[in-house]
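What follows is the residue order along each chain.
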Amino acid sequence: MEFSSFCPHCHSFQEFSLEVFSMKSCGSCHADIFVNATDAFKESFHFNQCPHCSSAHLYRQKDFNRKLGISLMAIGIILSFFTYGISLLLVTVIDWWLYKRVGDVGCCYRCQSQFRLSPEVEALPSFDLELYDYYQNLRP
Ligand SMILES: [Zn+2]
Ligand SMILES: [Zn+2]
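Residues numbered from 1 in each chain as written. Chains lettered and ligands numbered in written order. Predicted model: local features only at pLDDT ≥ 70, side-chain atom pairs only at ≥ 80, totals over all residues.

Draft legend 1. Representation of the pairing of strand β2 (residues 13–17) in the model. Inspection of the sheet shows strand β1 (residues 2–6) paired to β2 by 5 bridges, in the antiparallel sense. What sits directly across from F6, in β2, is F13. With antiparallel pairing between neighbouring strands as the criterion, β1 and β2 make up a hairpin whose turn holds 6 residues, including H11 at a positive phi of roughly 60°. (Pairing = 2+ DSSP bridges. Helix = DSSP H or I, 4+ residues; strand = E, 2+ residues; numbered from the N terminus.)

Draft legend 2. Expanded view of the sheet that holds β1. Across the sheet, which stays open at both edges, the 5 strands sit in the order β2-β1-β5-β4-β3 with antiparallel pairing between neighbours. Two strands close off the open sheet at either side, each with one partner strand: β2 and β3 (58–62). Going across the sheet, the axis of each strand differs from the next one's by a mean of 20°, ignoring polarity. Judged from the 2 bridges that link them, strand β4 (residues 104–108) and strand β5 (residues 114–116) form a sheet pairing that is antiparallel. Looking at β5, one finds that C107 is bridged to Q114. (Axes fitted to C-alpha atoms, helices over the stretch in contact; angles between N-to-C directions.)

Draft legend 3. Looking closely at the domain arrangement of the chain. Domain annotation of the chain identifies domain 1 (2–63 + 104–138) and domain 2 (64–102). Each of domain 1 and domain 2 has a C-alpha centre, and the two are 32 Å apart. (Domains from an automatic or database assignment.)

Draft legend 4. Highlighting helix α2 (residues 66–83). End to end, α2 covers 25 Å across 18 residues, agreeing with the expected 26 Å (1.5 Å per residue, within 8%). Among the 18 residues that make up α2, 1 are buried, leaving the element largely open to the surroundings. (Expected span 1.5 Å × (residues − 1). Buried ≥ 20, exposed ≤ 12 C-beta atoms within 10 Å, placed from the backbone.)

Draft legend 5. Looking closely at the nonpolar core. Counting 6 residues, the largest nonpolar core is built from F47, C50, L58, C107, C108 and Y109. Once residues lying within four places of it in the same chain are set aside, the contact partners of C107 are L58, Y59, Q61, Q112 and Q114. (Core = buried A, V, L, I, M, F, W, Y, C linked by C-beta atoms within 7 Å. Contact = placed C-beta atoms within 7 Å.)

Draft legend 6. The packing of α2 against helix α3 (residues 86–101), seen in detail. Two elements in contact, α2 and α3, have axes whose closest approach is 6 Å; the angle formed by their N-to-C orientations is 160°. One finds that α2 runs roughly antiparallel with respect to α3. Mapping the contact onto sequence places G69, L72, M73, I75, G76, I77, L79, S80 and T83 in α2 and I86, S87, L88, L90, V91, I94 and D95 in α3. Each residue belonging to the contact of α2 with α3 can be placed in one class, and the counts come to 10 nonpolar, 5 polar and 1 charged. (Parallel < 35°, antiparallel > 145°, perpendicular 65-115°, else oblique. Nonpolar A, V, L, I, M, F, W, Y, C, P; charged D, E, K, R; others polar.)

Draft legend 7. Examining the environment of G85 more closely. Tracing the backbone shows G85 in the loop between α2 and α3. G85 sits in the exposed class, given 12 other C-beta atoms within 10 Å. When the C-alpha positions of G85 and C53 are compared, they lie 49 Å apart, and in sequence the two are 32 residues distant.

Dropping the structure here:
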């Protein structure tokens with residue numbers, strides 16, 4: 001599993017790749033990262049809560065880089081003046097292919113931690129706007 005989040009103590013960006021669970025510490029301030037990891041998470045990366053902030057709500061979405069998609073489309077539009085629209089067709093195909101290819105990413109509504117490459121991510125519920133709004137309003 002791959003994990004990315006901000007350190008709860010010094011707020012520096014942290015990324016880890018884990019085969020089995022181990023207590024990771026922040027590369028900058030050495031504070032523990034998985035302070036709220038449950039037994040289920042330690043055993044099989046099961047998300048009954050966020051291992052980072054202990055929030056009970058996580059969601060799953062396509063790990064698709066929207067900026068990349070938009071840039072591709074822009075290039076296609078510019079080039080279409082010279083290629084009579086063929087480039088536009090081409091970027092649409094590339095866009096679709098990239099979208100199909102990417103896996104899911106698990107995210108925490110509260111601390112925005114991200115989890116990748118774990119079968120447990122596929123088991124998470126899909127994005128819920130109401131929950132998202134709820135956590136947005138909690139922020140200072
Ligand atoms: Zn830190
Ligand atoms: Zn969290």
